[in-house]
Amino acid sequence: MSESFPRLSARTRRFTLGVPRGFTISPDGSRVVFLRTRTGTDPVTCLWELDTGNHVERLVVDPRALDADEGDLPPEERARRERSREQAGGVVAYSTDADVTTAAFALAGGLYVTELASGRTRRLDVPGAVIDPRLSPGGRHVAYVSEGTLRVQDLASGEDRALATPEAPTVTYGLAEFIAAEEMDRMRGHWWSPGGDALLVERADEAPVHTWYVSDPANPDRPATAQRYPAAGTPNAVTELFVLGLDGSRVAVPFADEYLTTASWDSHALSIVTMPRDQRTLRLFEVDPATGASTLVREDTDPAWVDVVPGVPAHLDDGSLVWVASADGGNRLFVGDRAVTPPTLQVRAVLDVDHDSVLFSASGDPTEIQLWTWDGHSLLPVSTRSGVFSGRMAGGVGVLTEQSLDAEGVSTTVVRRDGVAIPIPSVAERPGLDLRVSLGRSGRRELATAVVLPSWYEPGSGRLPVLMDPYGGPHAQRVLNRRGGYLESQWFAEQGFAVIVADGRGTPGRGPEFERAVLNDLATPALEDQIDALQGVAQQYPDDLDLGRVAIRGWSFGGYLAALAVLRRPDVFHAAVAGAPVTDWRLYDTCYTERYLGHPDEQPDVYDNSSLFGDAAKLERPLLLVHGLADDNVVAAHTLRLSSALLAAGRQHSVLPLSGVTHMTPQEIVAENLLLLQVDFLKRALGD
């Protein structure tokens, strides 16, 4: 008998195992290095190389052959994986030299270097557990962080020395602080110079950040874990930058803003991008590495907030700046001072710059993410089919990944200069579901909406209970033209629901005005738009939806939205499952929360209006709260405090605490049974 979908989804980490990822193309385009597990149920990630000339794929590093035990990862590496939502083990990240001849990676706290041509891998002698090793461009040195110290090892001689040592237990050198990793997608804290003789290094001091304690009540013999958590309105870590030379020199790079959003160091400039705490200005500086003096290159402002866009700043061969900013009602690509994309094309990320060409992703239709290039003269589409695409580009060779509703999984293709296409196979498991997903627009605002019906359902044969299945929060999107985004929704549909997934105001792909509609109110627009989508779909399917039985489920912001729905609109929503919900935005982190709601001391009413606590006495519908007790992102206090408020108001509800579980719920048994328990709860709550 084949495995059930919940079991298979859990074993495959939601069908992500076995999918190629983490691509690096050699400068001449002759080789592509990438990560992939051996099978769709194997959680150990290996390093591979594809020869684009003879189309031969070769296993370079299998962590099992290195006899490394990942049961005792450094806490910094565990935190990095949680921030990056990494669900596998093994070689989950690597760096290469500029010529892509050597790779370095951390495994079980050890530091390894591999010669890609021969596959010869050696473990380097280091004084402690390693995180985030990065090879110098010339491949002579590797920099890494160990116990907060930034160290550099000479690969030829083996000489290993500290470039910067923490002055206090709260200080780290070379690592991204919590806010940068969690909210700005900056996962690194050190950058090599092009010549390999110096590094730009972040110093982060968490001393001002308040200490929270994450405990495991199921194991009272274990001490609580102390965690520095910058909740809204409280101090952030203090970040500084230094240029550290291999000759022992140390040059401070001062900046005034609260946040360092990103940095880069190429042959044209050492660049840093900073943002004040109110996030209404983004400043790009060029830095003189010899003196640390900064020159303002560009400043973008917005009365709501500015967006941090992946992949910029970058430069063409002639030094022209590649940048993305909001202008004329759209998120646009700039080369130099000129916008080269129309405002109707919403640029999402710059993926690569190859000499004079820019590869970027963008949306015309918000349900599509297409690839484009700017070649210095004109815009050219790279992807030509409907779907969701990403990619890399170097040496005239491209790597394209494609997802759509028409095909299962992720398709990866290498395209050579001569147009020859070489597939990189995925070995991901097949979900075994017959998807029945219809994408469209619904409601007064023509919201992007997916309607998922049971594969066995005959239209008009009976009204189905409805399950709203949103994320619904800003800067994230669920309604996209890809099968993988609807697997759980389809499984819920197979249990007898009509499932609706809708992206409301705040979600990306429709332009700055649509995204900024949630300013100062994370509750009202999000909830109104779910109702708008529900009513719009009901008009499109008048004989198929039972609006007297409507449930809603979600995780993280989706969990917040689910709880909000039954508290504020019980006339519409009749049951909810709220997983890891934010319940009071004062308990969530500074950067995310203050971007939308401002500072809680300055706008307390805004926070009160977006909190769930004031609505506790209104609960009259079944509500299941689910929370991992080891969650260090949305801490369990969110659910526990809401439960206390509901109890004080005499309102019946259910709480499912998950011992030892983080925000990702990576444990197979937990992930499997969570799906089963949700279905059981919803069916009982709706009287089915």
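The structure under discussion appears in the preceding block.
We now turn to the structure provided with this report. (Residues numbered from 1 in each chain as written. Predicted model: local features only at pLDDT ≥ 70, side-chain atom pairs only at ≥ 80, totals over all residues. Heavy atoms only, no water.)

**Notes on the overall build of the chain**
Let me state the cut-off plainly: A helix here means a DSSP run of H or I that spans at least four residues, while a strand means a run of E at least two residues long, and both kinds are numbered starting from the N terminus. The buried label goes to any residue with under 20% of its type's maximum accessible area, the exposed label to any with over 50%, and the partly exposed label to all in between, with areas taken from a 1.4 Å probe on protein chains only.
A count of helical and extended segments in the chain gives eleven helices and 44 strands. C-alpha atoms of the chain, sized along the principal axes, occupy 70 × 55 × 55 Å. Expressed as a percentage of its 688 residues, the buried residues of the chain come to 59%.

**Section: the side chain of serine 643**
The test is simple: Residue contacts follow a heavy-atom distance rule, with two residues in contact if any of their heavy atoms lie within 4.5 Å.
Tracing the backbone shows serine 643 in helix 10 (residues 637-648). Since its relative accessible area comes to 15%, serine 643 is described here as buried. Contacts of serine 643, omitting those with residues within four sequence positions, involve His653 and Val655.

**With respect to the sheet that holds strand 8 (residues 110-115)**
Here is the rule: Two strands form a pair only when DSSP identifies at least two bridges running between them.
As summarised here, the arrangement of the four strands in space is 6-7-8-9, forming an open sheet in which the pairing is antiparallel. Unpaired on one side and paired on the other, strand 6 (95-96) and strand 9 (121-124) mark the two borders of the sheet.

**Some words on the nonpolar core**
Applicable threshold: Here, nonpolar core means buried Ala, Val, Leu, Ile, Met, Phe, Trp, Tyr and Cys residues that are tied together by side-chain atoms lying within 4.5 Å of each other.
Counting residues in hydrophobic clusters, the biggest one holds 88 residues, and the most contacted among them are Trp323, Leu333, Tyr560, Phe573, Trp585 and Leu623. When residues of this core are assigned to their parent elements, the largest contribution, nine residues, is made by helix 7 (residues 557-568). If we ignore the near neighbours within four places in the chain, the residues touching tryptophan 323 are Val273, Leu282, Leu284, Arg298, Asp300, Val312, Pro313, Arg332, Leu333 and Phe334. Among the nonpolar cores identified, the runner-up in size contains 33 residues, and Leu433, Phe497, Val501 and Ala575 belong to it.

**Concerning the side chain of asparagine 331**
Its location among the elements puts asparagine 331 in strand 27 (residues 330-335). Here asparagine 331 is in contact with Asp307, Ala325, Ser326, Leu345, Gln346, Val347, Gly511, Pro512 and Glu515, once residues within four sequence places are set aside.

**Details of the packing of helix 6 (residues 524-540) against helix 7**
Each pair of packed helices can be described by the angle between their axes along with the distance between the axes. Selection rule: Axis angles are defined between N-to-C directions and span 0 to 180 degrees, where every axis is a line fitted to C-alpha atoms and, for a helix, only to the segment in contact. Here the angle decides the label: under 35 degrees means roughly parallel, over 145 means roughly antiparallel, 65 to 115 means roughly perpendicular, and every other value means oblique. Gly counts as polar in this scheme, as do all residues outside two lists: the nonpolar Ala, Val, Leu, Ile, Met, Phe, Trp, Tyr, Cys and Pro, and the charged Asp, Glu, Lys and Arg.
Between helix 6 and helix 7, the shortest axis-to-axis distance is 10 Å and the interhelical angle comes to 75°. By the angle class used here, helix 6 and helix 7 are roughly perpendicular. Contacts from Ala526, Leu527 and Gln530 of helix 6 reach helix 7 at Phe557, Leu561, Leu564, Ala565 and Arg568. Counted by class, the contact of helix 6 with helix 7 contains six nonpolar, one polar and one charged residues.

**With respect to the pattern of salt bridges**
Cut-off, in case you're wondering: The salt bridge definition used is simple: a Lys or Arg side-chain nitrogen within 4 Å of an Asp or Glu carboxyl oxygen.
Taken as a whole and assessed by the stated rule, the structure comprises 45 salt bridges. Between glutamate 49 and arginine 58 there is a salt bridge, with the nearest N and O atoms lying 2.6 Å from each other. A salt bridge links arginine 161 to glutamate 159; the shortest N-O distance between them is 3.8 Å.

**Examining the sheet that holds strand 27**
Read from one edge to the other, the open sheet built from four strands follows the order 25-26-27-28, with strand pairing classed as antiparallel. Looking along the sheet, the strands with just one partner apiece sit at the ends: strand 25 (314-315) and strand 28 (338-339). Where strand 25 and strand 26 (residues 321-327) come together, two bridges link them in antiparallel fashion. Bridging across to strand 26, alanine 314 finds its partner in valine 322.

**What to know about the pairing of strand 13 (residues 160-164)**
Sheet topology places strand 12 (residues 149-154) next to strand 13; four bridges connect them, and they run antiparallel. Across the sheet, glutamine 153 pairs through a bridge with aspartate 160, a residue of strand 13.

**Overview of the pairing of strand 31 (residues 370-374)**
Most of strand 31 sits out of view: four of its five residues are buried. Count of turn residues in the strand 30 (residues 357-363)/strand 31 antiparallel hairpin: six residues. Counting the residues between successive antiparallel strands, the hairpin from strand 31 to strand 32 (residues 379-381) contains four residues, one of them, glycine 376, with a positive phi of roughly 100°.

**Considering the environment of glycine 687**
Examined against the element boundaries, glycine 687 turns out to sit in the segment after helix 11 (668-685). Sequence separation between glycine 687 and histidine 141 is 546 residues; the distance between their C-alpha atoms is 65 Å.

**Remarks on helix 8 (residues 590-597)**
To keep things clear, this is the line we draw: Counted as a polar contact is a pair of N or O atoms within 3.5 Å, where, for protein atoms, one must be capable of donating a hydrogen and the other of accepting one, and residues adjacent in sequence contribute only when both atoms are in side chains.
Burial runs high along helix 8: eight of the eight residues are buried. Buried within helix 8 we find Thr590, Cys591, Tyr592, Thr593, Glu594, Arg595, Tyr596 and Leu597. On the buried face of helix 8, the contacting elements are helix 3 (178-183), strand 21 (259-265), helix 7 and helix 9 (604-610). Sitting at the amino-terminal end of helix 8 is aspartate 589, which places a side-chain oxygen 3.3 Å from the backbone nitrogen of cysteine 591. One or two positions beyond helix 8, positive phi appears at glycine 598, with a value near 75°.

**Focus: the environment of alanine 263**
Relative to the helices and strands, alanine 263 is located in strand 21. When its relative accessible area of 7% is taken as the criterion, alanine 263 is described as buried.

**Concerning the environment of alanine 176**
Among the structural elements, alanine 176 can be located in the loop between strand 14 (171-173) and helix 3. Sequence separation of alanine 176 and histidine 190 is 14 residues, and the distance between their C-alpha atoms is 8.4 Å.

**Brief notes about the packing of aromatic side chains**
Note the threshold: Geometry of aromatic contacts follows a simple scheme: Phe, Tyr and Trp rings, the Trp one being its six-membered ring, pair when their centres are within 6.5 Å, and the pair is stacked under 30 degrees between planes, edge-to-face over 60, tilted otherwise.
For the coordinates displayed, the defined rule picks out 17 aromatic pairs. Ring geometry for tyrosine 471 and phenylalanine 557: centres 5.9 Å apart, planes at 40°, overall tilted. One end of the pair, tyrosine 471, is in the loop between strand 39 (464-468) and helix 4 (487-494); the other, phenylalanine 557, is in helix 7, and 86 residues separate them in sequence. A relative accessible area of 22% means that tyrosine 471 is categorised as partly exposed. Its relative accessible area of 2% is what places phenylalanine 557 among the buried residues.

**Considering the packing of helix 4 against helix 11**
Heads up, the rule is: Take the far helix as the reference: if the near one is turned anticlockwise from it by less than a right angle, the crossing is left-handed, and if turned clockwise, right-handed.
With their axes 11 Å apart at the nearest point, helix 4 and helix 11 run at an angle of 45° to one another. Taken together, the axes of helix 4 and helix 11 lie oblique to each other. Our pair here, helix 4 against helix 11, has a crossing hand that is right-handed. Across the interface between the two elements, Glu488, Trp491 and Phe492 of helix 4 pack against Leu675, Leu676, Gln678, Val679 and Leu682 of helix 11. Taken together, the residues of the contact of helix 4 with helix 11 break down into six nonpolar, one polar and one charged.

**Some points on helix 11**
Condition: A helix is expected to reach a length of 1.5 Å times the quantity of its residues less one.
With 18 residues, helix 11 should reach 26 Å at 1.5 Å per residue; the first-to-last C-alpha distance of 26 Å fits that figure. Among the residues of helix 11, those classed as buried are Ala671, Glu672, Leu674, Leu675, Gln678, Val679, Phe681 and Leu682. Where helix 11 ends, the next residue or the one after it, glycine 687, has phi of about 75°, a positive value.

**Notes on unusual backbone geometry**
Following valine 312, the chain continues into proline 313 via a peptide bond in cis, with omega recorded as 10°. Positionally, proline 313 belongs in the loop between strand 24 (294-301) and strand 25. A positive phi angle, close to 55°, is found at arginine 13, a residue other than glycine. Inspection of the secondary structure assignment puts arginine 13 in the loop between helix 1 (5-11) and strand 1 (21-25). Overall, arginine 13 belongs to the buried group, its relative accessible area being 15%. At aspartate 328, a position not held by glycine, the phi torsion is positive, near 55°. Within the secondary structure layout, aspartate 328 lies in the loop between strand 26 and strand 27. Given a relative accessible area of 64%, aspartate 328 falls into the exposed group.

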